[in-house]
Amino acid sequence: MKFFLDTAEIDDIRELAKSGLIDGVTTNPSLIKKSGRDFVEVIKEISDIVDGPISAETIATDTETMLKEAKKLVGISKNITIKVPMTAEGLKTCKALTDEGIMVNVTLCFSANQALLAAKAGATFISPFVGRLDDIGDDGMDLIEDIRIIYDNYGFDTQILVASIRTVEHVKRSALIGADVATVPPKIIHELYNHPLTDKGLEAFLKDWGETGQTIL
Ligand code: E4P
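Numbering of residues starts from 1 in each chain and follows the order in which that chain's sequence is written. Owing to the predicted nature of the model, reporting of local features is limited to residues with pLDDT of at least 70; listing and counting of side-chain atom pairs is limited to 80 or more, with chain, interface and lining totals taken over all residues. To get the side-chain values, take all heavy atoms of the structure and skip hydrogens and water.

**Considering the site of the ligand**
Line of reasoning, step 1. What surrounds the ligand is the set Asp 6, Thr 26, Asn 28, Lys 83, Phe 129, Arg 132, Ala 163, Ser 164 and Arg 166.
Line of reasoning, step 2. Working definition of accessibility: Shrake-Rupley area with a 1.4 Å probe, residue cover restricted to the visible protein chains. Relative to its unbound accessible area of 350 Å², the ligand is 83% covered by the protein chains.
Line of reasoning, step 3. For this classification, the nonpolar set comprises Ala, Val, Leu, Ile, Met, Phe, Trp, Tyr, Cys and Pro, the charged set comprises Asp, Glu, Lys and Arg, and every other residue, Gly included, is treated as polar. Considered class by class, the residues forming the shell around the ligand number two nonpolar, three polar and four charged. In this text, near means that some heavy atom of the residue lies within 4 Å of the molecule or strand in question.

**Points about the sheet that holds strand β2 (residues 24-26)**
Line of reasoning, step 1. Strand pairing follows a simple DSSP-based rule, namely that at least 2 bridges must link the two strands. The helix count covers DSSP runs of H or I at least four residues long, the strand count covers runs of E at least two residues long, and both are numbered beginning at the N terminus. The eight strands are arranged β1-β2-β3-β4-β5-β6-β7-β8 in a closed barrel whose pairing can be described as parallel. For this sheet, the mean inter-axis angle between neighbouring strands, taken without regard to orientation, is 30°.
Line of reasoning, step 2. Bridge count for strand β3 (residues 54-57) against strand β4 (residues 80-85) is four bridges, and the pairing is parallel. Bridged to Ala 56 within β4 is Ile 82.
Line of reasoning, step 3. Residue contacts follow a heavy-atom distance rule, with two residues in contact if any of their heavy atoms lie within 4.5 Å. Every axis in this analysis is a line fitted to C-alpha atoms, fitted for helices over the stretch in contact. Angles between the N-to-C directions lie between 0 and 180 degrees. Contacting β3 and β4, helix α4 (residues 63-74) crosses the sheet at an angle of about 160° to β4.

**Describing the pattern of salt bridges**
Line of reasoning, step 1. Salt bridge criterion: a side-chain nitrogen from Lys or Arg within 4 Å of a carboxyl oxygen from Asp or Glu. Under the defined criterion, the tally for this structure stands at 16 salt bridges.
Line of reasoning, step 2. One salt bridge in this structure joins Glu 15 and Lys 18, with 3.1 Å as the shortest N-O distance.
Line of reasoning, step 3. The buried label applies to any residue whose accessible area, calculated with a 1.4 Å probe on protein chains only, is under 20% of its type's maximum; exposed applies above 50%, and partly exposed to all values in between. Overall, the relative accessible area of 65% leaves Lys 18 in the exposed class.
Line of reasoning, step 4. Lys 68 serves as the salt-bridge partner of Glu 64, at 3.8 Å between the closest nitrogen and oxygen. On the criterion of helical spacing, the pair formed by Glu 64 and Lys 68 is a turn pair, its members being four residues apart in helix α4.
Line of reasoning, step 5. What makes Glu 64 exposed here is its relative accessible area of 56%.
Line of reasoning, step 6. Given the relative accessible area of 54%, Lys 68 is considered exposed.

**Some remarks on the environment of Pro 85**
Line of reasoning, step 1. Within the secondary structure layout, Pro 85 lies in strand β4.
Line of reasoning, step 2. For the pair Pro 85 and Gly 122, spaced 37 residues apart in sequence, the C-alpha to C-alpha distance is 14 Å.
Line of reasoning, step 3. If we ignore the near neighbours within four places in the chain, the residues touching Pro 85 are Thr 58, Met 66, Gly 90, Leu 91, Val 106 and Thr 107.

**Digging into the packing of helix α6 (residues 112-120) against helix α8 (residues 140-154)**
Line of reasoning, step 1. Between α6 and α8, the least distance of the axes is 9 Å, while the angle of their chain directions is 40°. As judged from the angle between their axes, α6 and α8 are oblique. For the pair α6 and α8, the crossing hand works out as right-handed. Only Leu 143, Asp 146, Ile 147, Ile 150 and Tyr 151 of α8 make contact with α6, whose side of the interface consists of Ala 112, Ala 115, Leu 116 and Ala 119.
Line of reasoning, step 2. Taken together, the residues of the contact of α6 with α8 sort by class into eight nonpolar, no polar and one charged. In these notes the angle categories are as follows: under 35 degrees is roughly parallel, over 145 is roughly antiparallel, 65 to 115 is roughly perpendicular, and the rest is oblique. Left-handed describes a crossing whose near helix is turned anticlockwise from the far helix by less than a right angle; the clockwise case is right-handed.

**A few points about the pairing of strand β5 (residues 104-109)**
Line of reasoning, step 1. Taking burial as the measure, the six residues of β5 include five buried ones, the bulk of the element.
Line of reasoning, step 2. Summarising the sheet, β4 and β5 pair through four bridges and their orientation is parallel. Bridging from a neighbouring strand, Pro 85 pairs with Thr 107 of β5.
Line of reasoning, step 3. When the strands point away from the viewer, a crossover counts as right-handed if the route from the first strand across the helix to the second turns clockwise. Traced from β4 through helix α5 (residues 88-99) to β5, the parallel crossover comes out right-handed.
Line of reasoning, step 4. Viewed along the sheet, the connection from β5 through α6 into strand β6 (residues 125-128) turns out right-handed.

This is how it looks when you write it as structure tokens:
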């Protein structure tokens, strides 16, 4: 499973990219607002750090303007993925862009039927928002299971990009289901490293090593 980083914070991206764990980045208008940065500048900086797909979201709600925005955004770097909303206009944009060989991420997906439509429109990625479904009392991961079955039934190439991840459990279940990508906020990536037995074990090893009186260097 690929890991994308779900943030527009350059420092976090630069730091986590050093681990080799990061296969791409997703942004959205709210993350850009939170960063306080200029959209085009921040996307350019991210694409200089990460080689994989960088999702940049269109703002228009009509296909004609979305296509104009997309043309500007893909000019920023070769690894830009255009994010379009899961609407009729968004899917027309998706079809036009993917026909030209441009990667498209269809965002704000909340149902298996929406994911089916996005795949038929040629989406490179579909972004089901699991955390927001959990927020309204659904189990967002059930949607990922359904989409995996549907895409496998028909051999769709569209990659399932699990979005709105809030917990390490979301990450584990995404991998168990066979999602293609999880886009993970930096905080959750850091939590993935942790286990109390790792901390306890390391503490014991260091204590025992100290008692040997030896050094390596
Ligand atoms: C990423 O592509 C999505 O926009 C993001 O994961 C949404 O997360 P949120 O529901 O925490 O805002």
